Amino acid sequence: MNPKSLPFTKDQIVRIAGRHPTPFHIYDEAAIRRNARDLRKAFSWAEGFREYFAVKAAPNPYLLKLFREEGIGADCSSLAELILAERSGLTGEEIMFTSNDTPAGEFVKAREFGAVINLDDISHIDFLDRHAGLPDLLSFRYNPGPLRSGNAIIGTPQDAKYGLTRQQLFEGYGILKERGVRRFGLHTMIASNELDPRYFIATAAMLFDLVAVLSRELDIRFEFVNIGGGIGIPYRPEESPVDLAAVSAGIRDAYDKTIRAGGLDPVRLYMECGRIMTGPYGYLVSTVLHQKHIYKHYVGLDACMANLMRPALYGAYHHLTVLGKEFSPPVRMYDVTGSLCENNDKFAIDRMLPDIEIGDIVVIHDAGAHGHAMGFNYNGKLRSAELLLRAGGETILIRRAETVDDYFATLDFAGLKNFNAED
Ligand SMILES: *Cc1c(COP(=O)(O)O)cnc(C)c1O
């Protein structure tokens with residue numbers, strides 16, 4: 001169970017909306033920091049433990065800077081994410097580069113920044129060498145294929161495009177060793193939004209076992225194991241957060257049994273979670289524009305899929321609170337929609353809510369990860385602003401809302417004057 005409480009009052013939001021009109025995303029700095037510290041504390045037994053925040057979950061430099069201050073790095077998968085991490089003050093091995101189908105220029109940039117490069121395929125050894133040269137530290141992303149079952153969002157490992165097979169790992173590290181690479185890591189990422197702590201313990205144990213065999217067979221020493229991201233959050237009020245103490249204790253057991261007992265100690269433990277770091281601490285705040293009553297009851301918000309795609313994309317549940325009506329009984333069944341000309345542009349379907357009026361403020365919970373970040377401009381819809389509710393109570397704008405001019409910025413209307421559509 002989790003209470004789905006809010007870090008702000010209705011009065012506060014009305015005041016904020018006076019300066020920054022809805023819709024907007026707002027992040028709770030105090031809760032983000034508290035959570036980051038709790039995560040590091042849960043793994044304090046693991047010497048050199050590091051979380052690399054998956055930038056794609058919430059690519060905002062203010063959040064990255066805040067995380068850096070909490071001792072958290074950045075996990076990047078693209079040129080823009082690398083540049084964002086660097087411009088947020090992260091350097092060298094504070095940045096992990098876990099990409100796939102990688103353009104050469106991205107490897108060049110990752111090398112320039114001294115980021116830890118995690119290769120997605122055996123053929124990328126030559127590709128990286130040719131375009132950027134081999135660094136002295138490299139890791140591979142492992143795809144266990146039929147050895148592990150996946151989950152709904154990411155699919156089964158056997159069908160996933162990511163990573164190397166077990167066989168390729170042996171060959172790959174052999175090639176790296178031959179080419180003079182001296183420092184090694186091993187990575188995997190096989191779950192998404194997973195709430196079962198046993199999944200992550202099994203993943204870590206699997207990697208520790210592999211490290212033991214690879215170290216022995218190839219006579220190399222592993223510096224780190226990266227268990228990826230994918231720790232889920234309780235989107236539904238009846239769900240509970242993942243017990244990180246249990247995950248940590250299970251991983252510690254596996255570490256002692258395989259790594260310590262095998263004389264392979266120390267191997268640093270890394271993870272690259274996005275969702276648990278910001279997801280529960282970001283809210284999409286929106287105003288009711290319209291109501292309509294046809295075959296069903298509809299509430300139309302000023303937010304749409306451009307601001308949060310998860311419900312449309314995955315049928316994902318996001319909890320809704322109508323501000324000021326937290327304690328009113330849920331008396332009517334609504335579809336809560338956005339304005340896109342797509343019938344799946346709905347934040348909730350058949351949701352029992354209090355009686356809603358035009359002008360009510362609806363808060364959409366757990367929008368802090370894979371929320372604003374996934375937004376798109378289909379139908380000419382614009383992405384909203386992002387605000388940060390500071391630990392001290394003040395609110396600052398950390399990304400302004402897009403304007404129509406932003407939307408048109410890539411079009412050449414001057415050139416259009418000379419474009420003769422007739423021939
Ligand atoms: C998306 C992604 C993550 C983060 O996933 P979460 O579910 O947000 O924790 C981490 N690593 C890689 C390689 C990813 O693609």
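Scroll up to find the structure.
Novice: Can you tell me about the site of the ligand, naming the residues and giving the values?
Specialist: Near the ligand lie 14 residues; those nearest to it are Lys56, Gly230, Glu272, Arg275 and His370. Taking Glu272, its side chain carries an N or O atom lying 2.7 Å from a nitrogen atom of the ligand. Contacts to the ligand include Arg275, whose backbone N or O atom sits 2.8 Å from an oxygen atom. Across the complex, the protein chains shield 90% of the 390 Å² of accessible surface that the ligand would expose by itself. At a threshold of 2 Å from the grid points, most atoms of the ligand map onto the largest pocket.

Novice: Account for the pairing of strand E17 (residues 395–399), naming residues and giving values.
Specialist: Alignment of strand E16 (residues 385–389) against E17, held across four bridges, turns out to be antiparallel. From the neighbouring strand, Leu388 faces E17, where its bridge partner is Ile396.

Novice: Which residues make up the side chain of Thr287, and what values go with them?
Specialist: Examined against the element boundaries, Thr287 turns out to sit in strand E10 (residues 282–293). Looking at Thr287, its side chain comes within polar contact range of the side chain of Thr22, at 2.6 Å. In this view, Thr287 contacts Thr22, Gly300, Leu301, Asp302, Gly359, Asp360 and Ile361; residues no more than four positions away in its chain are not counted.

Novice: So what's going on with a nonpolar patch on the surface? Which residues, and what values?
Specialist: Taken together, Val404, Tyr407, Phe408, Leu411, Phe413, Leu416 and Phe419 make up a surface patch of nonpolar side chains, about 680 Å² in accessible area. Elements that contribute at least two residues to the nonpolar patch include exactly helix H12 (404–408) and helix H13 (413–417). Top contributing element to the nonpolar patch by residue count: H12, with three residues. The residue Phe419 is located in the segment after H13 in this model.

Novice: Go over the environment of Gly338 with me, naming the residues and quoting the values.
Specialist: As for its position among the elements, Gly338 is in the loop between strand E13 (332–337) and strand E14 (346–353). The exposure class assigned to Gly338 is buried, which follows from its relative accessible area of 14%. Along the sequence, Gly338 and Met374 sit 36 residues apart, while their C-alpha atoms lie 16 Å from each other. If near-sequence neighbours (up to four positions away) are discounted, Gly338 is found in contact with Leu301, Ala303, Cys304, Asp345 and Phe347.

Each value, and the rule that gives it
- Throughout, residues of each chain are indexed from 1 in the direction in which the sequence is written.
- Residue-level local features of this predicted model are given only where pLDDT is at least 70; pairs of side-chain atoms are given and counted only at 80 or more, and the full residue set underlies all totals for whole chains, interfaces and linings.
- To obtain the side-chain values, all non-hydrogen atoms of the structure were used and water was disregarded.
- If a single non-hydrogen atom of a residue is within 4 Å of a molecule or strand, that residue counts as near it.
- Any pair of nitrogen or oxygen atoms within 3.5 Å is treated as a polar contact; in protein, a donor-acceptor pairing is required on top of that, and neighbouring residues in sequence qualify only through side-chain atoms on both sides.
- In short, Shrake-Rupley with a 1.4 Å probe defines the accessible areas, and a residue's cover is counted only from the protein chains shown.
- The definitions used throughout rest on a 1 Å grid laid over the protein atoms alone, on which a cavity is an enclosed set of points accommodating a 1.4 Å probe that cannot get out and a pocket is an open set flanked by protein within 12 Å on both sides along at least five of seven lines; lining residues are those having an atom within 4 Å of a point.
- Molecule-in-pocket calls rest on the fraction of atoms, with more than half required to lie within 2 Å of the cavity or pocket grid points.
- If DSSP finds at least two bridges between two strands, the strands pair.
- Labels follow the DSSP assignment, with helices taken as runs of H or I lasting at least four residues and strands as runs of E lasting at least two, numbered in each case from the N terminus.
- By definition, residues are in contact when any of their heavy atoms lie within 4.5 Å.
- To count toward a patch, a residue needs a relative accessible area over 30% and no salt bridge; like charges are then connected within 9 Å, while nonpolar side chains (Val, Leu, Ile, Met, Phe, Trp, Tyr) are connected within 5 Å.
- Salt bridges are defined as contacts in which a side-chain nitrogen from Lys or Arg sits within 4 Å of a carboxyl oxygen from Asp or Glu.
- Per-residue accessibility, obtained with a 1.4 Å probe over protein chains only, is compared with the maximum for each type, and a residue is labelled buried under 20%, exposed over 50%, and partly exposed between these values.

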